[in-house]
There are 2 protein chains.
Amino acid sequence: MSGAMLKDALVTLKESGVRITPQRHAILEFLISSETHPTADEIYKALESDFPNMSVATVYNNLRVFRNSGLVKELTYGDASSRFDFVTHDHYHIICDECGSIVDFHHPGLEEVERLASYVTGFKVNSHRLEVYGVCPTCEKQAVKAN
Amino acid sequence: MSGAMLKDALVTLKESGVRITPQRHAILEFLISSETHPTADEIYKALESDFPNMSVATVYNNLRVFRNSGLVKELTYGDASSRFDFVTHDHYHIICDECGSIVDFHHPGLEEVERLASYVTGFKVNSHRLEVYGVCPTCEKQAVKAN
DNA sequence: TAAACTAATTATAATGATTATAAAGAAGTA
DNA sequence: TACTTCTTTATAATCATTATAATTAGTTTA
């Protein structure tokens with residue numbers, strides 16, 4: 001079923017006039033199979049063995065292409081590098097304050113919040129971003145052990 | 001009343017053992033009076049005339065100090081520089097996709113979302129981040145005019 | 001009030017993520 | 001197959017932010 005997602009993504013790209021190169025194929029495939037919201041550099045390193053000559057710029061360029069096609073979402077957290085997430089169905093992220101791990105969770109969209117924001121500010125609303133922060137079970141366990 | 005906010009902030013700092021320097025005083029004052037969620041560089045430039053010898057590092061250092069004391073919140077948006085927001089009472093931000101302007105709005109906290117996220121993922125929740133994106137009235141007017 | 005202790009500031013260099021550039025290579029098409 | 005155009009590569013540049021080390025200045029206490 002992740003095979004179908006890849007195929008769909010390739011069709012989407014082709015339809016918007018984007019050429020399918022081996023590098024693009026590999027980056028997409030890696031993103032889809034990945035559970036970990038990788039950084040550009042992690043993608044680069046993961047594909048190094050298959051593409052020894054690939055440039056980091058290629059990874060960045062293509063992530064931008066994918067983002068512009070709506071296939072990939074960029075997650076930014078100030079300090080560190082951006083992370084990239086293949087868009088499947090809508091979900092939110094919860095992020096561990098200790099180890100930085102990112103876990104998906106589903107929740108109905110926050111249309112009510114969007115409506116209120118629009119009403120109060122006069123903006124025409126396009127989208128929103130929500131993240132929850134906390135401590136993941138693994139880190140919590142270690143904290144308990146340490147006491 | 002913004003004078004009271006500054007006074008409170010200075011007390012908070014003093015109580016946590018942070019020295020009050022003229023630079024810190026000025027940065028805080030500027031942040032409180034500012035409506036625009038400035039970047040570190042904007043703060044630096046704004047205070048240049050009063051503190052011709054101040055270093056950019058001082059601005060960054062002190063913004064970190066203020067953040068650690070809970071006085072200031074850092075807003076990160078990937079591409080550009082971080083923006084800094086003096087914490088008054090809880091509010092969310094709505095951001096214009098066209099011109100980047102940031103406007104505050106108030107909404108009851110999303111405790112329900114936090115609860116669900118915690119339940120689904122097993123995380124101990126600390127906080128959340130919510131932003132709404134759209135087009136501000138000014139940009140909307142210009143878009144209409146352009147058609 | 002002045003000495004002493006320690007933290008803060010300054011100037012500068014370093015870091016690290018991301019982007020720009022220009023030449024070489026490869027997709028897609030007639 | 002040859003052509004056109006987009007993509008990749010390698011490298012240098014940019015820009016925000018942080019580290020460093022020397023100097024300066026708050027704060028405390030006698």
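Residues numbered from 1 in each chain as written. Chains lettered and ligands numbered in written order. Predicted model: local features only at pLDDT ≥ 70, side-chain atom pairs only at ≥ 80, totals over all residues. Heavy atoms only, no water.

An unreviewed UniProt entry lists chain A under the name Peroxide-responsive transcriptional repressor PerR, with Sporosarcina gallistercoris given as the organism. According to UniProt, the comment filed for chain A under the heading Sequence similarities (unreviewed entry) is "Belongs to the Fur family." (UniProt positions renumbered as here; feature names shortened; annotations may be inferred.)

1. Here we look at the overall build of chain A
On a plain count of helices and strands, chain A comes out with 6 helices and 5 strands. Each principal axis of the C-alpha distribution contributes one length, and for chain A these read about 50 × 45 × 30 Å. Long-range pairs, those at least 24 residues apart, make up 49% of the contacts in chain A with a sequence separation of at least 6. A total of about 8600 Å² of accessible surface is found on chain A, and carbon and sulfur atoms cover 51% of it. Separation of charge centres in chain A, based on 14 positive and 20 negative side chains, amounts to 6 Å. (Helix = DSSP H or I, 4+ residues; strand = E, 2+ residues; numbered from the N terminus. Contact = heavy atoms within 4.5 Å. Areas by Shrake-Rupley, 256 points an atom, 1.4 Å probe, with all protein chains shown as cover. Lys, Arg positive; Asp, Glu negative; His and termini not counted. Charge placed at Lys NZ, Arg CZ, Asp CG, Glu CD.)

2. Quick look at the packing of helix α2 (residues 22–33) of chain A against helix α4 (residues 56–68) of chain A
All names here are of chain A. Where α2 meets α4, the axes come as close as 10 Å, and the angle between the chain directions of the two elements is 70 degrees. Of the possible angle classes, the one that applies to α2 and α4 is roughly perpendicular. Together, Gln23, Arg24, Ile27, Leu28 and Leu31 of α2 and Thr58, Val59, Asn62, Leu63, Val65 and Phe66 of α4 make up the contact between the two elements. The residue makeup of the contact of α2 with α4, split by class, is 7 nonpolar, 3 polar and 1 charged. (Axes fitted to C-alpha atoms, helices over the stretch in contact; angles between N-to-C directions. Parallel < 35°, antiparallel > 145°, perpendicular 65-115°, else oblique. Nonpolar A, V, L, I, M, F, W, Y, C, P; charged D, E, K, R; others polar.)

3. Some details on the environment of Asn62(B)
Its location among the elements puts Asn62(B) in helix α4 (residues 56–68). Residues in contact with Asn62(B), not counting those within four places in the same chain, are Gln23(B), Arg24(B) and Ile27(B).

4. Some words on the protein's contact with DNA strand D
With respect to spatial proximity, 17 residues lie near DNA strand D, and among them Thr21(A), Arg24(A), Asn53(A), Thr58(A) and Tyr60(B) are the closest. Backbone atoms, meaning sugar and phosphate, make up 76% of the atoms of DNA strand D lying within 4 Å of the protein. One of the backbone N or O atoms of Ile20(B) is found 3.1 Å from a phosphate oxygen in DNA strand D. For the surface near DNA strand D, the secondary-structure elements that each account for two or more residues are α2 and α4 of chain A together with α4 of chain B. Among the elements that take part in the surface near DNA strand D, α4(A) stands out by supplying 3 residues, more than any other. (Near = heavy atom within 4 Å. Polar contact = N/O pair within 3.5 Å; in protein donor to acceptor, adjacent residues only side chain to side chain.)

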